[in-house]
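Structural description and commentary
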Amino acid sequence: MSAQFYYGECPECQFSVITNAIPPKLASNCGLCAEDSGRDVWMRFREATDDDKAEGYDARRAALTEPADEP
């Protein structure tokens, strides 16, 4: 796969996602913590490795299921 992916994890509850881009700060808060406590907890992002597993959305899986571009 030629695309770069990013692993994001909440520092409080460890909920994780894998995205195809680092989201802007205001879009990178943990939805679980915000729902539970009503406050923003920002997820921390780094380059994803093959060993990373996401509890939530995984852009790598979505990339595998997208139809290939036709010429």
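One can find the structure itself at the top, above this paragraph.
A brief report on the enclosed structure follows. (Residues numbered from 1 in each chain as written. Predicted model: local features only at pLDDT ≥ 70, side-chain atom pairs only at ≥ 80, totals over all residues. Heavy atoms only, no water.)

Re the overall build of the protein chain
Selection rule: Runs of H or I in DSSP of at least four residues are treated as helices and runs of E of at least two as strands, each being numbered from the N terminus. Categorising residues by exposure relies on relative accessible area from a 1.4 Å probe, with only protein chains included: less than 20% of the type maximum marks a residue as buried, more than 50% marks it as exposed, and the intermediate range marks it as partly exposed. In this description, accessible areas are obtained by the Shrake-Rupley approach with a 1.4 Å probe, and a residue is regarded as covered only by the protein chains that are shown.
Regarding its fold elements, the protein chain presents two helices and three strands. By the burial criterion, 28% of the 71 residues in the protein chain qualify as buried. When the accessible area of the protein chain is evaluated, it comes to approximately 5300 Å², of which 49% is carbon and sulfur surface.

A word on the pattern of salt bridges
Applicable threshold: In what follows, salt bridge is the name for a side-chain nitrogen of Lys or Arg lying within 4 Å of a carboxyl oxygen of Asp or Glu.
Inspection of the entire model under this criterion finds three salt bridges. A salt bridge links D52 to R46, with the shortest nitrogen-to-oxygen separation between them at 2.9 Å. Between R60 and D58 there is a salt bridge, with the nearest N and O atoms lying 3.3 Å from each other. Accessibility classification places R60 together with D58 in one group, the buried group. Within this structure, D58, R60 and R61 form a network of salt bridges that share partners.

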